[in-house]
Amino acid sequence: MDAAFVLVHSPSVGPGTWAPVAGRLTARGATAVVPSLLDVARSAPPFWPRVTDLVGERVAALAAGRPVVLVAHSNAGLFVPVIVAALTRPVAGCLFVDAALPARRGSTPVSGPGQREFLREKAEDGVLPPWTSWYDEAEVAPMFPDVATREAVEAEQPRLPLSYYEQQIPVPEGWDGQPCGYLLFGPPYEEVANEAAARGWAVERMPGRHLHQVVDPDGVAERIAAMAATWSPPSS
């Protein structure tokens with residue numbers, strides 16, 4: 001398939017979480033781009049229009065009409081419907097990698113009541129600390145293969161406003177008209193993967209923790225390419 005891979009990172013972290021996989025896909029002869037969403041919080045809420053703008057700007061640099069495969073990690077999955085709706089080129093497929101799923105219709109809250117309460121307790125003047133500082137060290141350290149990788153990921157983490165997690169993201173009708181798939185890393189997203197299967201999507205499992213793409217970029221790139229290879233090119 002001549003589709004370009006568009007790797008969308010969670011706004012809670014930075015594009016460096018996808019950079020190693022993008023490099024491996026490029027080495028395999030594919031085109032892979034990683035839009036940076038680090039500026040998302042510089043706009044006023046809701047923030048989802050800024051996400052679509054930033055992804056669209058990066059995709060616009062690709063050859064006109066070239067189809068894309070959207071690959072979203074973590075809560076970037078919630079933005080996939082509005083990204084699909086905003087793009088002006090064919091979307092060959094959408095792959096959710098250890099990612100949150102959008103609602104089937106209507107709109108999707110970025111966080112549920114329990115998580116919002118958890119986040120309110122951590123916010124100072126309406127701004128959250130960096131994502132990895134939300135959790136115990138025993139939970140965070142195993143997500144990284146080494147100190148250097150952790151330092152690089154943490155160095156680009158933004159401090160998001162609490163209002164980011166209080167927004168609702170619309171779910172345009174027909175956004176999932178192209179093939180969709182789910183790649184699961186670990187148990188925290190097992191129920192989400194089951195929901196993806198219930199929607200009729202292809203689901204594959206690759207044991208690891210939530211940032212497994214920085215631990216085994218070769219394996220993750222290979223799996224992403226293999227899943228996307230089963231999808232037929234879209235018509236214009």
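Refer to the structure printed above.
Residues numbered from 1 in each chain as written. Predicted model: local features only at pLDDT ≥ 70, side-chain atom pairs only at ≥ 80, totals over all residues. Heavy atoms only, no water.

K.L.:
Before we go on, may I ask you to explain the layout of surface pockets in this structure?
P.N.:
Empty space among the atoms becomes apparent when a probe as large as a water molecule is rolled across them. In this structure, the largest pocket spans a volume of roughly 540 Å³. At the level of elements, β3 (68-74) and α5 (137-140) are the ones that each hand at least two residues to the lining of the largest pocket. Looking at side-chain class alone, the lining of the largest pocket contains 14 nonpolar, nine polar and three charged residues. (1 Å grid on protein atoms, 1.4 Å probe; cavity = no way out; pocket = protein on both sides within 12 Å on 5 of 7 lines; lining within 4 Å. Points joined across faces, edges and corners; volume = space filled by probe spheres on them. Helix = DSSP H or I, 4+ residues; strand = E, 2+ residues; numbered from the N terminus. Nonpolar A, V, L, I, M, F, W, Y, C, P; charged D, E, K, R; others polar.)

K.L.:
Help me understand the nonpolar core in this model?
P.N.:
Soluble, globular proteins show a tendency: their nonpolar side chains are buried together. Val68, Leu70, Cys94, Phe96 and Trp175 are the most contacted members of the largest nonpolar core, which has 56 residues in total. Of all the secondary-structure elements, those providing two or more residues to this core are β1 (4-8), α2 (48-59), β3, α3 (80-86), β4 (91-99), β6 (168-171), β7 (180-184) and α7 (190-198). Aside from chain neighbours lying at most four places away, what touches Leu70 is Val6, Val80, Ile83, Val84, Leu87, Val91, Gly93, Cys94 and Leu95. With 23 residues, the next largest nonpolar core counts Trp18, Val21, Ala92 and Leu95 among its residues. (Core = buried A, V, L, I, M, F, W, Y, C linked by side-chain atoms within 4.5 Å. Buried < 20%, exposed > 50% of the residue type's maximum accessible area, 1.4 Å probe, protein only. Contact = heavy atoms within 4.5 Å.)

K.L.:
What exactly am I supposed to notice about the environment of Glu156 here?
P.N.:
Mapped onto the elements of the fold, Glu156 is located in the loop between α6 (147-155) and β6. Residue Glu156 is classed as partly exposed on the basis of its relative accessible area, which comes to 23%. Along the chain, Glu156 and Gly14 lie 142 residues apart, while their C-alpha atoms are 5.7 Å from each other. Not counting residues up to four positions away in its chain, the partners in contact with Glu156 are Gly14, Pro15, Gly16, Thr17 and Leu38. Among the polar contacts listed, one links the side chain of Glu156 to the backbone nitrogen of Gly16, at a separation of 2.5 Å. (Polar contact = N/O pair within 3.5 Å; in protein donor to acceptor, adjacent residues only side chain to side chain.)

Fair warning: the whole summary comes from geometry, so function is off the table for now.
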